[in-house]
Amino acid sequence: MTSLEARTKNEDSGPGGYAAARLLLLHEKERSGPPRRAALARLTDDWLAGLFAAAAPPRGTALVAVGGYGRAELSPRSDLDLLLLHDGSADKAAVAALADRIWYPVWDLGLALDHSVRTPAEARTTAGEDLKVQLGLLDARHVAGDTGLVAALRTTVLADWRNQAPRRLPELDELCRERADRMGELQFLLEPDLKEARGGLRDAQVLRAVAASWLADAPREGLDAARRRLLDARDALHLATGRATDRLALQEQDAVAQELGLLDADTLLREVYEAARIISYATDVTWREVNRVLKARSARPRLRSLLGGRGGGGRAGAGGRAGGAKAPVERTPLTEGVVEMDGEVVLALTAKPERDPVLPLRAAAAAAQSGLPISLHAVRRLAAAAKPLPVPWPAEAREELVTLLGAGESTVPVWEALEAEGIITRLLPDWERVRCRPQRNPVHTWTVDRHLVETAVRAASLTRRVGRPDLLLVAALLHDIGKGWPGDHSVAGETIARDLAARIGFDRTDTGIIATAVRHHLLLVETATRRDLEDPATVQSVAEAVGTLGTLELLHALTEADALATGPAAWSSWRASLVADLVKRVAGVLAGEPLPDPEAAAPSAEQERLAIEALRTGEPVLTLRTEPVGAQPEEPEPVGVELLIALPDRPGVLPAVAGVLALHRLTVRAAELRAVDLPTGIGAGSGAGGVLVLDWRVAAEYGSLPEAARLRADLVRALDGSLDIPARLAEREAAYPRRRGLTAPPPRVTVAAADSRLATVIEVRAQDAPGLLHRIGRALEGAAVRVRSAHVSTLGANAVDTLYVTRPDGSLLPDEEAVDLARALEEALR
């Protein structure tokens, strides 16, 4: 007993003494983790036992801790789960008074309390009806009162649990699956719930319950340490926030990391993810074993029936079968040294992992191709005994890796099994730097390592589109491998991928292609969404970076796989159409076709018709094509809507149009502005004139598109000043949802090195908000520049708007003038 606990026992057992001792304990820096949780449980036990004794309890009563308190795992803000147990002999009023003497002091301290008053029979009945109650009682622990009553309850509850396990475990499995669907996987969440998410503390408790059933047991290695790590993180979260919360919110992570003595929030998340991954893997293995055992048990009665009831009680001798009722175990060969047995992939009896360095990859590829899990015993034997692969790998090893990656969705559980036992980092040493590495971008669904595997899974469905599927799959696996290093991950990744590809056994040419794909895996999507595809310099620069048609083909598939594996916000029909358009243009250049001159392109018939009408009337005219632009008929999502606007050339057009579109909740994806000179005599009383034609691609944020007439009416009002767009957008921005505690980084405006002969390229990176393009247009109004085109790209909360600008005469801005413009625009957007 510590001096603190001894002093508390000698002090007032009332709330004041306990509260003071509790506060001292929670702020003892030298005691944390399991020792502090156990000490807090003992301190609470002593206080509650004192309350129990002071209440003069009737005979046949006891105070029982259940759940986390029963396990003596009290976090600073944990609930107290208490059961007042009585044998039914005492007067009900006396039992109720005893409960009040215990519950009210707990409430007076502001502690959360989960309480009940039951007889042992009532507790058994409730447990039989409520699975959560039964799980809590499995951890029942005596605090005060009749010890025999508590011991009898524990014995009975455990016996009930074991007897009912075949019926209750499938129910528990279903509850766990529903919770995982609702809460997500802890190891991939940016703001995880440490308790309820899959792989969290609740799953660790479930594994204890399964083990108590004696039906199956979880893999023990690392499990206790993983659970302690999550409990420590929850303790620190409670202390940092002062609240009973299990959600590790972004704004709390730095404080929690500091409380735990960790370097930063990323280190915290990585430790949490590592722990969750261990628990998730143990959960998968355990439930697989539970289902296997239950299936085997249900098959035995049917087997005995088929054998005419012969199943006697004889025991099998060496190599024999018990009573003739036990079916021989079938072992179906899958590949050399690997068989299927009882729904799992295991090693053949003749397998020699210590002499066969390719066996781990061969077994993994066979498991993934068969859609079967690889058994825990097999993976551990491979991890312990397998001979290391020579470097470079032999051709068979390389082919097995490609086969594993090409299996699609079934690759993931097999890869996770290999990773859990350290086989992946042994095969690919650089994998350790990306393992469990968080990505602080809400667009990303996965950690870096899981994203790489998911990209390979997506790439597996695209292998028919490329001439070298093996290069696509390996490039997909390695494309973000540089995120474990400082600096541009594409640049660092190129070097790492080159080394790893050579290690895997690719020749110099193939290694160069993989390295190029990793270096430029973002090139197509960033160029297509942020650059003017009509500009010959755009297409030429991509062609020079890619080099060959084969590499372009591979990059196209990798771009799609990468985006699909990132998250739903990273890919759309619109982005796909832009990338496909860019690839088509680049392929033409690589095939030797000349690039068209955008300056020589005449306006379309529709553009010319609208320009004539605008010059004749002196007012804006527009058309809104509601058909999908470039979408395939089978695609449910339109890639955008074309909005054509023509009006006499005048200042303020860009901010006015952008503002009106923002008010109507239309997202701008691209905008092209061009001046059309028309001959004299077009309209009544008109002379020669210039008309501005704007070709926009827009999409509705939600709901249906507005009517063209409403857009035109608001545009007229915006241009004549009767519609105050800034004020209306300010109201909208004030109501724009922002995550509490997060501060967006300031906008950044740069002059892009695009080598364009048509315009100076300005790139704006800022927090996405309603009317951002309108604000940019207003800022450019006084800069004496003309906007030739704008290209908008948004990922999550981040917007990248690219503007092609010229002087009024159409010439490029000098370097110094372009830098001044970027600086002024950045200042205006702040």
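Criteria and thresholds
- Residues numbered from 1 in each chain as written.
- Predicted model: local features only at pLDDT ≥ 70, side-chain atom pairs only at ≥ 80, totals over all residues.
- Heavy atoms only, no water.
- Helix = DSSP H or I, 4+ residues; strand = E, 2+ residues; numbered from the N terminus.
- Buried < 20%, exposed > 50% of the residue type's maximum accessible area, 1.4 Å probe, protein only.
- Contact = heavy atoms within 4.5 Å.
- Areas by Shrake-Rupley, 256 points an atom, 1.4 Å probe, with all protein chains shown as cover.
- Axes fitted to C-alpha atoms, helices over the stretch in contact; angles between N-to-C directions.
- Parallel < 35°, antiparallel > 145°, perpendicular 65-115°, else oblique.
- Nonpolar A, V, L, I, M, F, W, Y, C, P; charged D, E, K, R; others polar.
- Arc of directions from axis to C-beta.
- Phe/Tyr/Trp six-rings, centres within 6.5 Å; stacked < 30°, edge-to-face > 60°.
- Lys NZ or Arg CZ within 6 Å of the ring centre and 35° of its normal.
- Core = buried A, V, L, I, M, F, W, Y, C linked by side-chain atoms within 4.5 Å.
- Salt bridge = Lys/Arg side-chain N within 4 Å of Asp/Glu carboxyl O.
- Polar contact = N/O pair within 3.5 Å; in protein donor to acceptor, adjacent residues only side chain to side chain.

(A) Inspection of the overall build of the protein at higher detail. Each helix and strand in the protein was counted, giving 31 helices and 15 strands. In the protein, buried positions account for 51% of the 830 residues. In the protein, the proportion of contacts linking residues at least 24 apart, taken out of those at least 6 apart, comes to 70%. By element, 50% of the accessible surface of the protein is carried by carbon and sulfur atoms, the whole surface being about 37,500 Å².

(B) Main features of the packing of helix α15 (residues 395-405) against helix α16 (residues 411-420). With their axes 9 Å apart at the nearest point, α15 and α16 run at an angle of 125 degrees to one another. Taken together, α15 and α16 sit at an angle that is classed as oblique. The residues of α16 that touch α15, namely those facing Leu 401, Leu 404 and Leu 405, are Thr 411, Val 414, Trp 415 and Leu 418. Across the contact of α15 with α16, the residue classes break down as 6 nonpolar, 1 polar and no charged.

(C) Expanded view of helix α6 (residues 120-129). Where α6 is concerned, the buried positions are Ala 123, Thr 126 and Ala 127. Considered in projection along α6, the buried side chains sweep an arc of 100 degrees and stay on one side of the axis. Facing away from the buried surface of α6 by more than 90 degrees, the exposed residues are Ala 121 and Glu 129. Buried residues belonging to α6 abut β3 (113-118), α7 (131-137) and α8 (147-183).

(D) Expanded view of the packing of aromatic side chains. Here the structure, examined in full by the defined rule, presents 4 aromatic pairs. Seen in terms of ring centroids, Tyr 18 and Trp 47 are 4.2 Å apart; in terms of plane orientation they differ by 5 degrees. Their pairing is stacked. Of this pair, Tyr 18 sits in helix α2 (residues 15-26) while Trp 47 sits in helix α3 (residues 34-54), and the two are 29 residues apart along the sequence. As far as the burial class goes, Tyr 18 and Trp 47 line up, both buried. Across the ring face of Tyr 69, the terminal group of Arg 141 is positioned such that the distance to the ring centre comes to 5.3 Å. Directly above the aromatic system of Phe 506 lies the positively charged group of Arg 398, at a separation of 5.5 Å from the ring centroid.

(E) How the structure looks around the nonpolar core. Grouped together as the largest cluster of nonpolar side chains are 93 residues, with contacts concentrated most on Ile 374, Trp 393, Trp 415, Leu 428 and Trp 431. Dropping the residues within four chain positions of it, Ile 374 is found in contact with Arg 288, Val 345, Ala 363, Ala 364, Ala 367, Val 379, Leu 382 and Ala 417. Membership of the second largest hydrophobic core comes to 51 residues, among which are Leu 663, Ile 762, Ala 799 and Val 805.

(F) Spotlight on the pattern of salt bridges. Scanning all chains against the criterion turns up 53 salt bridges. Two residues, Arg 450 and Glu 416, come together in a salt bridge whose shortest N-O distance is 3.1 Å. Within this pair, whereas Arg 450 is found in helix α18 (residues 448-460), its partner Glu 416 is found in helix α16, the two being separated by 34 residues in sequence. With relative accessibility at 24%, the residue Glu 416 sits in the partly exposed group. Here the residues in one salt-bridge network are Arg 71, Glu 73, Asp 139, Arg 208 and Arg 227, joined through shared partners.

(G) Structural context of the side chain of Thr 447. Along the polypeptide, Thr 447 turns up in the loop between α17 (423-427) and α18. Separated by 2.7 Å, the side chains of Thr 447 and Asp 449 make a polar contact. Beyond its immediate chain neighbours, meaning those up to four positions away, Thr 447 contacts Gln 187, Phe 188, Tyr 273, Arg 277, Cys 436, Arg 437 and Gln 439.

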